[in-house]
Amino acid sequence: MRFDTIIRNGTVATASDTFVCDIGILDGKIASLSTGLGDAAEIIDATGLFVLPGGIDSHVHLDQPSGEGVVMADDFESGTRSAVIGGNSTVLTFCMQEKGQTLREALKEYHAKAEGKCYTDVAFHLVITDPTAEVLGQELPALVAAGYTSLKVFMTYEGLRLRDDQILDTLDAARRTGALVMVHCENEDAIRYLIGRHEDEGKFAPKYHATTRPIAAEREATHRALSLAEIVDVPIVIVHVSNREAMEEIRRARMRGQKIAGETCPQYLMLTAADLDQDALEGAKFVCSPPPRDTQSQDACWEGLEQDVFDLFSSDHCPFRYDDPQGKLNEKGKRSFRWIPNGIPGVATRLPILFSEGVMKGRISLNQFVAQTSTNHAKLYGLYPNKGTIAVGADADIALWDPARKVTITNDLLSHGSDYTPYEGLEVQGWPIRLLLRGKSVINDGLLADAKAGGQYVSRQTSSLVNARKIDTGKSGQAAEL
Ligand code: DUC
Ligand code: ZN
Ligand code: ZN
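Residues numbered from 1 in each chain as written. Chains lettered and ligands numbered in written order. Predicted model: local features only at pLDDT ≥ 70, side-chain atom pairs only at ≥ 80, totals over all residues. Heavy atoms only, no water.

Draft legend 1. Region of interest: the overall build of the chain. Scanning the chain from N- to C-terminus turns up 14 helices and 19 strands. In summary, the chain has a C-alpha radius of gyration of 22 Å against a globular reference of 23 Å for 482 residues, a match within 12%. If you line up the chain on its principal axes, its C-alpha atoms span 70 × 60 × 40 Å. The buried share of the chain, taken over its 482 residues, is 59%. (Helix = DSSP H or I, 4+ residues; strand = E, 2+ residues; numbered from the N terminus. Rg over C-alpha atoms; globule rule 2.2 N^0.38 Å. Buried < 20%, exposed > 50% of the residue type's maximum accessible area, 1.4 Å probe, protein only.)

Encoded structure:
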């Protein structure tokens, strides 16, 4: 067989195995894993490199309305361009339903925003902010059947958050349709109470974003979300977990037998609330929700990755410009932390940070890295086995990592729309020097290889977590999982 491309002599790693072999690529797919593969139009020498599935970032916000006068710094073009710089071949972004809007109307808008602009493949999670009987009973079943198999609900933010009865209705609809629900867990009433108290005391600086969103507000909401999911008997994903107490809630729910996925993000490993406590308004650069905590919380999030309490390591890329009247320093944001838009850029830095701090420092294995940054995202969000692994028949979405390459992260390297990175000056070891998307080079020697954006929308199957069910083995008290 003659291939389009052969990747030779690389060390291939999947979520379960590490082995040396050559990869033959034909028509955008992995066609052979072997040695002595013969000839191809293009031979890539991967000697000394790790050959990994392209990163899948399943938590990315692009071109989302973000409040009056505030504009998100990345559209689908700049956001996915930054994603490929950081070794990602697929991103899952959010399609935000405005109140009163149908899900179909929202999807039409987001498809139009993404069409022809993406450097990665893309899919959309629905965000349900208005769970009417029509939305849950009519629209959702049809959209899940059409491949929009996940959705997010918020327990915080006035205008976005759902009440418990609405969450129950949404979970019930997910149970009936086979959708996977992601939950943003923070107690809005507690946060609003604390914001009021802070403002009464004249506390307006960015650092008070952290003290008005304490661990207890996240822990309580996490516990409540898990309890509601238990009552409905449906799997959920707890997204962007920032601390031990919320992480332990996930562990306990699993011990009760619940099907739960957990996610953490780079900001909870690398930043703390002290980053928000800086001169002038510099702290605004680090305002995100939940906020970064303390070094013990960082250690807990590492433990969650080491022990696979977290299945997913995502960026929660939610970029705003800093020095910009439409960004962090909007007129109202300069006056009070409550108006600083929540979110930080990170789609390009997610993988290098975990590779360097996690794999190179011996905290997680290379196989865990692959699982937590690609394979588990594909499985949980219905893209597997087309994506998220190196296997015959899978899309040839492949990242070549140089484990020796040392890079100092600077904003101009990241090619995103934001005017800063929270990780400016951080030195990492290991960098994705080449990236193939369905067999085509997107990144070559760390730089954009093709000015054309060749990403496609991908429809999704049911989540592996929704498919996982217990069968009775016939022995009392024992069950096996499919
Ligand atoms: N939640 C997110 O998932 N992203 C950014 C802001 C937020 O609150
Ligand atoms: Zn969130
Ligand atoms: Zn998010």
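Draft legend 2. View of the coordination of the zinc ion (ligand 2). Only Lys-152 (NZ), His-184 (ND1) and His-240 (NE2) from the protein coordinate the zinc ion (ligand 2), and they sit 2.1 to 2.2 Å from it. We note that the donor set of the zinc ion (ligand 2) lies within a single chain, spaced as K-x31-H-x55-H. Between the zinc ion (ligand 2) and the zinc ion (ligand 3), a separation of 4.0 Å is found. Here Lys-152, found in strand 9 (residues 150-154), pairs with His-184, found in strand 10 (residues 180-184); they are 32 residues apart in sequence, far enough to count as distant. For the pair shown, Lys-152 and His-184 are each scored as buried. (Donors = N, O, S within 2.8 Å, 3.2 Å for Na, K, Ca; no water.)

Draft legend 3. Region of interest: the confidence of the model for the chain. Across the chain, pLDDT averages 96, with 97% of residues at or above 70. Note that pLDDT drops below 50 for residues 474-482; the model gives that stretch 15 contacts with residues more than four away or on any other chain. (pLDDT = per-residue confidence, 0-100. Contact = heavy atoms within 4.5 Å.)

Draft legend 4. Just the layout of surface pockets, in detail. Approximately 1,300 Å³ is the volume found for the largest pocket. Lining the largest pocket are 47 residues, with Ser-66, Gly-67, Tyr-157, Leu-160 and Asn-342 sitting closest to its centre. If you list the elements that add at least two residues to the lining of the largest pocket, you get strand 9, helix 5 (188-200) and helix 11 (331-335). The element that contributes the greatest number of residues to the lining of the largest pocket is helix 5, accounting for four residues. (1 Å grid on protein atoms, 1.4 Å probe; cavity = no way out; pocket = protein on both sides within 12 Å on 5 of 7 lines; lining within 4 Å. Points joined across faces, edges and corners; volume = space filled by probe spheres on them.)

Draft legend 5. Region of interest: helix 12 (residues 350-360). For helix 12, the buried fraction is high: 10 of the 11 residues fall into the buried class. Where helix 12 is concerned, the buried positions are Arg-350, Leu-351, Pro-352, Ile-353, Leu-354, Phe-355, Ser-356, Glu-357, Gly-358 and Val-359. Taken from the residues just after helix 12, Gly-362 is the one with a positive phi, measuring 80°.

Draft legend 6. View of the sheet that holds strand 11 (residues 236-238). Strand order in the open sheet made by the eight strands is 6-7-8-9-10-11-12-13, with parallel pairing throughout. The two strands at the open ends of the sheet, each matched to only one other strand, are strand 6 (55-60) and strand 13 (312-313). Across seven bridges, the pairing between strand 7 (residues 88-96) and strand 8 (residues 121-127) is parallel. Considered in strand 8, the bridge of Leu-92 is made with Ala-123. Packing against the sheet, helix 12 makes contact with strand 6, strand 7 and strand 13, and its axis sits at approximately 120° to strand 6. (Pairing = 2+ DSSP bridges. Axes fitted to C-alpha atoms, helices over the stretch in contact; angles between N-to-C directions.)

Draft legend 7. Local environment of the environment of Phe-355. Topologically, Phe-355 is positioned in helix 12. Exposure remark for Phe-355: the relative accessible area of 0% places this residue in the buried category. Sequence separation between Phe-355 and Val-370 is 15 residues; the distance between their C-alpha atoms is 9.6 Å. Apart from residues no more than four positions distant in its own chain, Phe-355 is found in contact with Phe-50, Met-360, Leu-366, Phe-369, Trp-401, Pro-403, Gln-429 and Gly-430.

Draft legend 8. Just the environment of Arg-197, in detail. In this structure, Arg-197 sits in helix 5. A relative accessible area of 40% places Arg-197 in the partly exposed class. Considered as a pair, Arg-197 and Glu-218 are 21 residues apart in the sequence and their alpha carbons are 19 Å apart. Only 2.8 Å separates the side chain of Arg-197 from the side chain of Tyr-193, close enough to count as a polar contact. (Polar contact = N/O pair within 3.5 Å; in protein donor to acceptor, adjacent residues only side chain to side chain.)

Draft legend 9. Quick peek at the coordination of the zinc ion (ligand 3). Distances from the zinc ion (ligand 3) to its protein donors, namely His-59 (NE2), His-61 (NE2) and Asp-316 (OD), fall within the range 1.9 to 2.1 Å. Each donor residue of the zinc ion (ligand 3) lies on the same chain, and together they follow the pattern H-x1-H-x254-D. Residue classification places His-59 among the buried positions, given a relative accessible area of 0%. Since its relative accessible area comes to 5%, His-61 is described here as buried.

Draft legend 10. View of the site of ligand 1. Every residue lining ligand 1 is accounted for by His-59, His-61, Lys-152, Phe-154, Tyr-157, His-184, His-240, Ser-289, Asp-316, Cys-318 and Asn-342. Between His-184 and ligand 1, the recorded distance is 3.2 Å, taken from a side-chain N or O atom to a nitrogen atom. Interatomic distance of 2.8 Å between a side-chain N/O atom of Asp-316 and a nitrogen atom of ligand 1. Look at ligand 1: alone it shows 230 Å² of surface, and the protein chains cover 94% of it. (Near = heavy atom within 4 Å. Areas by Shrake-Rupley, 256 points an atom, 1.4 Å probe, with all protein chains shown as cover.)

Draft legend 11. Representation of empty space enclosed by the protein. Evaluated as defined, the whole model comprises three cavities of 30 Å³ or more. Considered as a void within the structure, the largest cavity measures approximately 50 Å³ in volume. If you trace the largest cavity, you find it lined by Leu-52, Pro-53, Gly-55, Leu-351, Phe-369, Val-370, Thr-373, Ser-374 and Trp-401. Those elements that provide at least two residues to the lining of the largest cavity are strand 5 (50-53) and helix 13 (366-380). With four residues, helix 13 is the largest single contributor of residues to the lining of the largest cavity. By residue class, the composition of the lining of the largest cavity is six nonpolar, three polar and no charged. Around the second largest cavity, the lining residues are Pro-53, Gly-54, Ile-56, Ser-89, Thr-90, Lys-387, Gly-388, Thr-389, Asp-395 and Asp-397. (Nonpolar A, V, L, I, M, F, W, Y, C, P; charged D, E, K, R; others polar.)

Draft legend 12. Quick peek at the environment of Ala-378. Within the secondary structure, Ala-378 sits in helix 13. For the pair Ala-378 and Asp-74, spaced 304 residues apart in the sequence, the C-alpha separation amounts to 24 Å. Sequence-distant contacts of Ala-378, defined by excluding residues within four places in its chain, comprise Ile-56, Leu-383, Tyr-384, Lys-387 and Gly-388.

Draft legend 13. Focus on unusual backbone geometry. Note that the residue after Ser-289, namely Pro-290, is joined by a cis bond; omega there is -10°. Cis geometry is adopted by the peptide bond preceding Pro-385, which originates at Tyr-384 and carries an omega value of 5°. Among the structural elements, Pro-385 can be located in the loop between helix 13 and strand 14 (398-408). Even without a glycine there, the phi angle at Tyr-157 is positive, about 80°. In this structure, Tyr-157 sits in the loop between strand 9 and helix 4 (164-177). Although it is not a glycine, Asp-233 adopts a positive phi angle of roughly 65°. Mapped onto the elements of the fold, Asp-233 is located in the loop between helix 7 (215-232) and strand 11.

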